[in-house]
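# Geometric and topological summary
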Amino acid sequence: MHATTVAVDLAKSVFQIAAADDQWRVIETQRLTRSQFERWFVNRSIGLVVMEACGSAHHWARWLNALGIEVRLLPAQYVRAYVRRNKTDATDAAALLEAARAADIRPVRVKSVEQQAIQGLHRTRSLWMSTRTSRINALRGFCREFGIAISQGARTGIESLARVLADPRSAVPDLIRHTCTLLLEEIRLLEARIAQLERELAAVARQSPACTLLLSVPGIGLLTATALVAATSGDVTHFQDARHFASWFGLTPREYSSSSSRYLGRISKKGDRYLRMLLTHGARSVLRASKVAEGAGKDLIGVRRWALDVQARTNHNKATCALANKLARICFATLRDHAPFDETATATRIAHKKQNRQSFVMPA
């Protein structure tokens, strides 16, 4: 029989293959090494390769695409439901074949080398930021043990720590003073590396039309714009609409419903938590700036006015999540229409929707 579809269970050095014919019947299974896996596809005519969207999947997808083979990456959490009995590499490959037949499972788009490189920069920055925070907290703890209180905030805290360690009359013992100084130098080195990495991201953003469009949206800065482009390549046509795009970040309510009972809980928190975190921080920034502007007597329109209205009738955290959802939908519209954000047009649409809700009368 001629194999038309091949499911591959990826690993670092061992690859499990299940080949199926045009009737989706498994006709061949193989357990291959990395070099054998590369040679296996060379002299075969394969129409479709199915893999989980996991580590190294995008690399192999690009490699197979270069051979003229269509690749479909499926979300791993959806494939898991098709695994029968015990979990083995063979059953995982068979589950991939079953999941590939499900029309309602949307495949993951294959990322380019540039997209993964930008994501690598973001992951590196997150690691450095986490290390910097842990070093600052360690120094705070050491100083607290010797009766020295360090002011809150990373920047002011580092300045206070530097003054304490530079003062020979401080309560820090000489035995640990040198080690603390090394920690402080490590913090400053990390800050220099983070600043250099952000300059590299800024250079990427200047060369990307999609980043330029996203930077016109309130609450969307350098990190959020480049992270969104790395995740979507600036193309959102594979999303059905803006609401589906927002749900992709886990910014929509989690639903638990049955029959006529419908329960909407907290946000689902599905999808990329890093992107959701960036959008949430951007929403908090917009809320804070809008509150300050309102206190200064400035007129607010559009998203800023809407966010404050939501905050007034709910609370700060709910308003933050609602605004993050709206920012995601605005980003979708911006990328879809290839046009920068227009605050006036958005204000007009929000006012029109509000007027329609007020004029709507429920039937008796």
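The structure reproduced in this document is the subject of the present report.

## Remarks on helix H12 (residues 302-313)
For H12, spanning 12 residues, the distance from its first C-alpha to its last is 17 Å, which sits close to the expected 16 Å at 1.5 Å a residue. For H12, the set of buried residues is Gly302, Val303, Trp306, Ala307, Leu308 and Val310.

## What to know about the packing of aromatic side chains
Overall, the coordinates contain 14 aromatic pairs when judged by the stated rule. Between the aromatic rings of phenylalanine 15 and tryptophan 60, the centroid separation amounts to 5.6 Å while the plane-to-plane angle is 85°, which identifies the pairing as edge-to-face. Of the two residues, phenylalanine 15 is situated in strand S2 (residues 14-20) and tryptophan 60 in helix H2 (residues 57-66); the sequence distance between them amounts to 45 residues. Tryptophan 60 shares its class with phenylalanine 15; the two are buried. In this structure an aromatic cluster arises from ring pairing among Phe15, Phe37, Trp40, Phe41, Trp60 and Trp63. Across the ring face of tyrosine 274, the terminal group of arginine 123 is positioned such that the distance to the ring centre comes to 5.3 Å. The ring of tryptophan 306 is capped by lysine 326, whose NZ or CZ atom sits 4.5 Å from the centre of that ring.

## A few points about the nonpolar core
Ranked by internal contacts, the top residues of the largest apolar core, which has 48 residues, are Leu214, Phe245, Phe249 and Leu323. Among the secondary structure elements, those contributing two or more residues to this core are helix H7 (174-206), helix H8 (209-214), helix H9 (222-232), helix H10 (242-248), helix H11 (273-295), H12 and helix H13 (316-337). Among the elements that take part in this core, H13 stands out by supplying nine residues, more than any other. When sequence neighbours within four positions are dropped, the list of residues in contact with phenylalanine 249 reads Leu228, Lys270, Leu275, Arg276, Leu279 and Ala328. Counting residues in hydrophobic clusters, the runner-up holds 21 residues, among them Val6, Phe15, Leu32 and Ala61.

## Regarding empty space enclosed by the protein
Tallied over the full model, the rule gives one cavity of 30 Å³ or more. What the largest cavity holds in volume is close to 40 Å³. If you go around the largest cavity, the residues you meet are Gln119, His122, Arg123, Ala227, Ala230, Ala231, Asp272, Tyr274 and Leu275. Mapped onto the lining of the largest cavity, the elements with two or more residues apiece are helix H5 (113-145), H9 and H11.

## Things to note about H11
Compared with the 33 Å implied by 1.5 Å per residue over 23 residues, the 33 Å span of H11 between its first and last C-alpha is a close match. Three or more residues of H11 are buried, namely Tyr274, Leu275, Arg276, Leu278, Leu279, Thr280, Gly282, Ala283, Val286, Leu287, Ser290 and Ala293. Of the surrounding elements, those touching the buried residues of H11 are H5, H9, strand S7 (261-267), H12 and H13. In this structure aspartate 272 caps H11, since a side-chain oxygen of it lies 2.9 Å from the backbone nitrogen of tyrosine 274.

## Side note on the packing of H11 against H12
Pairs of packed helices are described in terms of their axes, by the angle between the two and the distance that separates them. In the contact formed by H11 and H12, the axes pass within 9 Å of each other and the chain directions differ by 95°. In terms of orientation, H11 and H12 fall into the roughly perpendicular class. Between H11 and H12, the residues in contact are Val286, Leu287, Ser290, Lys291 and Glu294 and Arg304, Arg305, Ala307, Leu308 and Gln311, respectively.

## Structural notes on the pairing of strand S5 (residues 70-74)
In this structure, strand S4 (residues 48-52) lies alongside S5, joined through five bridges in parallel fashion. Within S5, the residue paired with leucine 48 across the bridge is glutamate 70. The β-α-β motif built from S4, the intervening H2 and the parallel element S5 has right-handed crossover chirality.

Thresholds applied
- Residues numbered from 1 in each chain as written.
- Predicted model: local features only at pLDDT ≥ 70, side-chain atom pairs only at ≥ 80, totals over all residues.
- Heavy atoms only, no water.
- Helix = DSSP H or I, 4+ residues; strand = E, 2+ residues; numbered from the N terminus.
- Expected span 1.5 Å × (residues − 1).
- Buried < 20%, exposed > 50% of the residue type's maximum accessible area, 1.4 Å probe, protein only.
- Phe/Tyr/Trp six-rings, centres within 6.5 Å; stacked < 30°, edge-to-face > 60°.
- Lys NZ or Arg CZ within 6 Å of the ring centre and 35° of its normal.
- Core = buried A, V, L, I, M, F, W, Y, C linked by side-chain atoms within 4.5 Å.
- Contact = heavy atoms within 4.5 Å.
- 1 Å grid on protein atoms, 1.4 Å probe; cavity = no way out; pocket = protein on both sides within 12 Å on 5 of 7 lines; lining within 4 Å.
- Points joined across faces, edges and corners; volume = space filled by probe spheres on them.
- Polar contact = N/O pair within 3.5 Å; in protein donor to acceptor, adjacent residues only side chain to side chain.
- Axes fitted to C-alpha atoms, helices over the stretch in contact; angles between N-to-C directions.
- Parallel < 35°, antiparallel > 145°, perpendicular 65-115°, else oblique.
- Pairing = 2+ DSSP bridges.
- Right-handed = clockwise from strand over helix to strand, strands pointing away.

Structural measurements only, silent on function.
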